[in-house]
Amino acid sequence: MAFKERVEPIILSKLRVLNKRLELSDEEKRYLSNLDKGYQGELQFDSLTGTLTNSCLILNELLLEIEKATFQIDTLIIFADTLYIFEIKNNHGDYLYKQDGLTSLITGASIKNPLDQLNRTKLLFKKLLNQLGYNFKLQGSVVFINPEFTLYQAQPDLPFIFPTQIKRLHNHLNNQPGKVSTNHYKLANKLVSLHQIESPSNKLPNFHYDELTKGITCLGCESFSVETAGQQIFCKDCGHKEKVELAVLRSIDEFRLLFPARPITTPSIKEWCNIIPDNKRISRILAKHYDYTEIKKGRTYS
Ligand SMILES: [Zn+2]
């Protein structure tokens, strides 16, 4: 098990909900799709590192800061002798390597050379480690996780791991010598305490409560074509069924994610869920799962 698990970036969670309830621009949709693709690639790499059996500490996703510069490590693995950092890329298709960027042979579009990012991360991380009083050997690689990725003209000495080399990487990591000690745990704990939660607000499209489609979306197909049938909600598009209570809780999660400052009350959740006309039903669900404070106008849940 990882010492620090990866959680879905808040910006991605928010965009997923907005995408259901708002008409996103093509650019915003592309942004969402890229974020999602990146995250799926990282999860795929996690499932690989999750099967390492030797002594190590795996820290997934760290956002750190040194001297006002922030940097992100997709995966850090602490072994007895060496720290490994991995930058994960989930691009697919054929690309041509040049120092100033990777060019897609299909669309002609260029993406930044991930080595620049890796080198920056290594430099800043090294600085941070020194500041914390550690002097471990540091290795860094870019892992291209997508099996349908090819990079032409990349020199073999570049720190790239291609899909065909991932199994070998796994063996290599599994054969790292030594055992991690309390000192390594101390470092891991320190890094987790320094990890920052990214503020997602600046990259989000502007949205206003009134513009968003209200209602409960189907868990199966995300459509709003659901109606209540007894204790369940039923999707007219795909036939998926879900307990009303769970569907309401899911919708409240979306409400809280997008509008953390809005009070959770029976009327606000009734409006948000739209398809449940019964106040008592909403109140019961809220009272069961949330704490509440009584105010003059009624209960506010938290
Ligand atoms: Zn459905």
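Everything here concerns the structure above.
What you are looking at is a predicted structure, and each value in this text was computed from that prediction instead of being measured.

## Let's talk about the overall build of the protein chain
So, step 1. For the protein chain, the helix and strand inventory stands at eight helices and 14 strands.
So, step 2. Seen along its three principal axes, the alpha-carbon backbone of the protein chain occupies a region of about 65 × 50 × 35 Å.
So, step 3. Residues counted as buried form 45% of the 302 residues belonging to the protein chain.
So, step 4. When the accessible surface of the protein chain is totalled, it reaches about 16,700 Å², and 49% of it is carbon and sulfur.

## Some thoughts on a nonpolar patch on the surface
So, step 1. On the surface, a nonpolar cluster with roughly 330 Å² of combined accessible area is contributed by Leu105, Ile106 and Tyr152.
So, step 2. Take Leu105: it is sitting in the loop between β5 (101-104) and β6 (110-111).

## Here's the deal with unusual backbone geometry
So, step 1. Of note, the phi angle at Glu61 is positive, near 65 degrees, even though the residue is not glycine.
So, step 2. With respect to the helices and strands, the residue Glu61 is situated in strand β1 (residues 57-66).
So, step 3. You will see that Glu67, though not glycine, has its phi angle at about 45 degrees, which is positive.
So, step 4. Tracing the backbone shows Glu67 in the loop between β1 and β2 (69-78).

## Side note on the coordination of the zinc ion
So, step 1. The coordination sphere of the zinc ion, as far as protein atoms go, consists of Cys218 (SG), Cys221 (SG), Cys235 (SG) and Cys238 (SG), spread over 2.3 to 2.4 Å.
So, step 2. For the zinc ion, the four donor atoms in the first shell make angles of 102 to 114 degrees at the metal, a pattern classed as tetrahedral.
So, step 3. Each donor residue of the zinc ion lies on one chain, and together they are spaced C-x2-C-x13-C-x2-C. Here Cys221, found in the loop between α5 (182-194) and β10 (226-229), pairs with Cys238, found in the loop between β11 (232-235) and β12 (241-243); they are 17 residues apart in sequence, far enough to count as distant.

## Concerning the side chain of Lys20
So, step 1. Looking at the secondary structure, you find Lys20 in helix α1 (residues 10-21).
So, step 2. By relative accessible area, which is 17% here, Lys20 ends up buried.
So, step 3. Not counting the four nearest positions on each side in its chain, Lys20 is found in contact with Thr217, Glu222, Phe224 and Glu254.

## What about the packing of helix α7 (residues 266-273) against helix α8 (residues 279-289)?
So, step 1. Close contact between α7 and α8 brings their axes to 9 Å; oriented N to C, the two are set at 110 degrees. With respect to their mutual orientation, α7 and α8 come out roughly perpendicular. Between α7, through Thr266, Ile269 and Lys270, and α8, the contact on the second element is made entirely by Asn279, Ile282, Ser283 and Leu286.
So, step 2. Its residues assigned to classes, the contact of α7 with α8 shows three nonpolar, three polar and one charged.

## Some thoughts on the side chain of Glu61
So, step 1. Take Glu61: its relative accessible area is 12%, and that puts it in the buried class.
So, step 2. The contact partners of Glu61, leaving out residues within four places of it in the chain, are Lys4, Arg6, Glu42, Gln72, Ile73, Asp74 and His195.

The rules behind these values
Residues numbered from 1 in each chain as written. Predicted model: local features only at pLDDT ≥ 70, side-chain atom pairs only at ≥ 80, totals over all residues. Heavy atoms only, no water. Helix = DSSP H or I, 4+ residues; strand = E, 2+ residues; numbered from the N terminus. Buried < 20%, exposed > 50% of the residue type's maximum accessible area, 1.4 Å probe, protein only. Areas by Shrake-Rupley, 256 points an atom, 1.4 Å probe, with all protein chains shown as cover. Patch = residues over 30% accessible without salt bridge, like charges linked within 9 Å, V, L, I, M, F, W, Y side chains within 5 Å. Salt bridge = Lys/Arg side-chain N within 4 Å of Asp/Glu carboxyl O. Donors = N, O, S within 2.8 Å, 3.2 Å for Na, K, Ca; no water. Tetrahedral: all angles 85-135°; square planar, octahedral: opposite > 155°, others 65-115°. Contact = heavy atoms within 4.5 Å. Axes fitted to C-alpha atoms, helices over the stretch in contact; angles between N-to-C directions. Parallel < 35°, antiparallel > 145°, perpendicular 65-115°, else oblique. Nonpolar A, V, L, I, M, F, W, Y, C, P; charged D, E, K, R; others polar.

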